[in-house]
Amino acid sequence: MALTLYHDRYRCTGNVEHPPELVVLHGWGMHSLVWDDVMPALLERFQVTVIDLPGLGRSPIPGGEYTLDYLVAHVLAVAPPQALWMGWSLGGMVAMRAAARFPQRVLALITVASTPKFIADEHWPVAMKAEVLDAFFTLLQEDAEGTLIRFLSLQCKGSDTIKRDIRALKDLVYFHGIPSRNALVGGLRILQQVDLRDDLPSIQCPTLHVFGERDHLVPVGVSEAVARLQPQAQTAIIKGVAHIPFLSAPDLFMAACHDFFQERGLT
């Protein structure tokens with residue numbers, strides 16, 4: 001591929017002879033620095049590859065239609081040959097699709113505040129109403145930066161640490177400059193249109209789905225629907241947090257991950 005996504009690989013700091021590889025993927029409008037609060041804990045067990053999605057953070061935006069499969073293809077191009085994958089929100093959708101379509105690449109899967117389908121319909125009622133995301137899409141055409149800040153604020157709504165969370169996201173969002181407008185529009189369109197309910201049953205690797213108890217973007221009730229689609233998967237609900245559990249309550253988030261790692265013999 002002509003343009004390569006920004007990625008970096010951090011060495012394990014723990015006393016681990018052969019540390020497993022871990023890929024972490026961020027969500028819409030953000031970049032890989034959003035994982036900084038939990039990175040020290042992850043590095044105790046893993047070699048961690050951070051990747052900025054196309055047009056976000058430090059990554060260029062290669063040509064082509066900005067679809068979920070486009071994101072997966074560009075991430076696979078820079079990810080280790082085999083790794084555990086952890087994806088937040090939109091990044092969770094990328095990780096789910098990769099695990100379903102490229103099982104030889106994804107040894108285990110953790111999704112964080114993610115869902116196979118962001119938009120509610122008659123068969124998927126526990127999700128965001130279509131008109132809410134439609135309104136964000138309309139506003140995005142007029143005021144990309146303002147829409148981004150509103151969306152980030154919605155991610156924090158309901159959290160016990162809402163003020164701190166909003167402040168942290170606002171500090172991070174422009175750290176590497178203004179996100180590509182095409183990436184924002186394309187990413188929001190993915191959230192509007194993608195349906196991975198047929199992908200989940202085909203995911204055979206060890207899987208943990210983490211949800212925030214007070215998430216307004218991915219309601220906690222999604223956990224039950226996901227469990228029906230992928231009964232062999234584990235779920236964890238982090239109390240008192242909204243859409244960013246690893247930022248709002250990093251210790252609780254890592255405790256849930258550590259339990260999963262130990263039960264599945266992943267470290």
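Structure: above.
Residues numbered from 1 in each chain as written. Predicted model: local features only at pLDDT ≥ 70, side-chain atom pairs only at ≥ 80, totals over all residues. Heavy atoms only, no water.

A.B. asks: Can you walk me through the overall build of the chain in this structure?
C.D. replies: When its secondary structure is counted, the chain shows 10 helices and 7 strands. In terms of C-alpha radius of gyration, the chain reaches 17 Å, essentially the compact-globule figure of 18 Å for 267 residues. Counting only C-alpha atoms and orienting by the principal axes, one finds that the chain spans roughly 50 × 40 × 35 Å. Counting contacts in the chain only where the partners sit at least 6 residues apart, residues at least 24 apart contribute 77% of the total. On the chain, roughly 11100 Å² of surface is accessible, and the fraction owed to carbon and sulfur atoms is 51%. Of the charged side chains in the chain, 22 are positive and 28 negative, and the gap between their average positions amounts to 1 Å. (Helix = DSSP H or I, 4+ residues; strand = E, 2+ residues; numbered from the N terminus. Rg over C-alpha atoms; globule rule 2.2 N^0.38 Å. Contact = heavy atoms within 4.5 Å. Areas by Shrake-Rupley, 256 points an atom, 1.4 Å probe, with all protein chains shown as cover. Lys, Arg positive; Asp, Glu negative; His and termini not counted. Charge placed at Lys NZ, Arg CZ, Asp CG, Glu CD.)

A.B. asks: I would appreciate a short explanation of the pattern of salt bridges in the present structure.
C.D. replies: Close approach of charged atoms allows side chains with opposite charge to pair. Enumeration according to the criterion identifies 10 salt bridges in this entry. In this structure, Arg58 and Asp52 form a salt bridge, with 3.4 Å as the shortest nitrogen-oxygen distance. Among the residues examined, Asp52 registers a relative accessible area of 0% and is labelled buried. Measuring nitrogen to oxygen at the nearest pair gives 3.9 Å for the salt bridge that ties Arg214 to Glu213. Take Glu213: its relative accessible area is 31%, and that puts it in the partly exposed class. Each of Asp69, Arg97, Arg101 and Asp199 takes part in one network of salt bridges that share partners. (Salt bridge = Lys/Arg side-chain N within 4 Å of Asp/Glu carboxyl O. Buried < 20%, exposed > 50% of the residue type's maximum accessible area, 1.4 Å probe, protein only.)

A.B. asks: Looking at this model, I keep getting lost on the pairing of strand β6 (residues 207-212). Mind explaining?
C.D. replies: Successive residues of a regular strand alternate their side chains across the two faces of the sheet. Among the 6 residues that make up β6, 6 are buried, leaving the element largely enclosed by the rest of the structure. Neither face of β6 is exposed, since Thr207, His209 and Phe211 on one face and Leu208, Val210 and Gly212 on the opposite face are all buried. Of the pairings in the sheet, the one linking strand β5 (residues 106-112) to β6 comprises 4 bridges and is parallel in character. If you follow Ile110 over to β6, its bridge partner there is Leu208. Bridge count between β6 and strand β7 (residues 234-238): 5 bridges; the pairing is parallel. Pairing of Gly212 across the sheet is with Ile238, part of β7. (Pairing = 2+ DSSP bridges.)

Shape is all these values report; function is a separate question.
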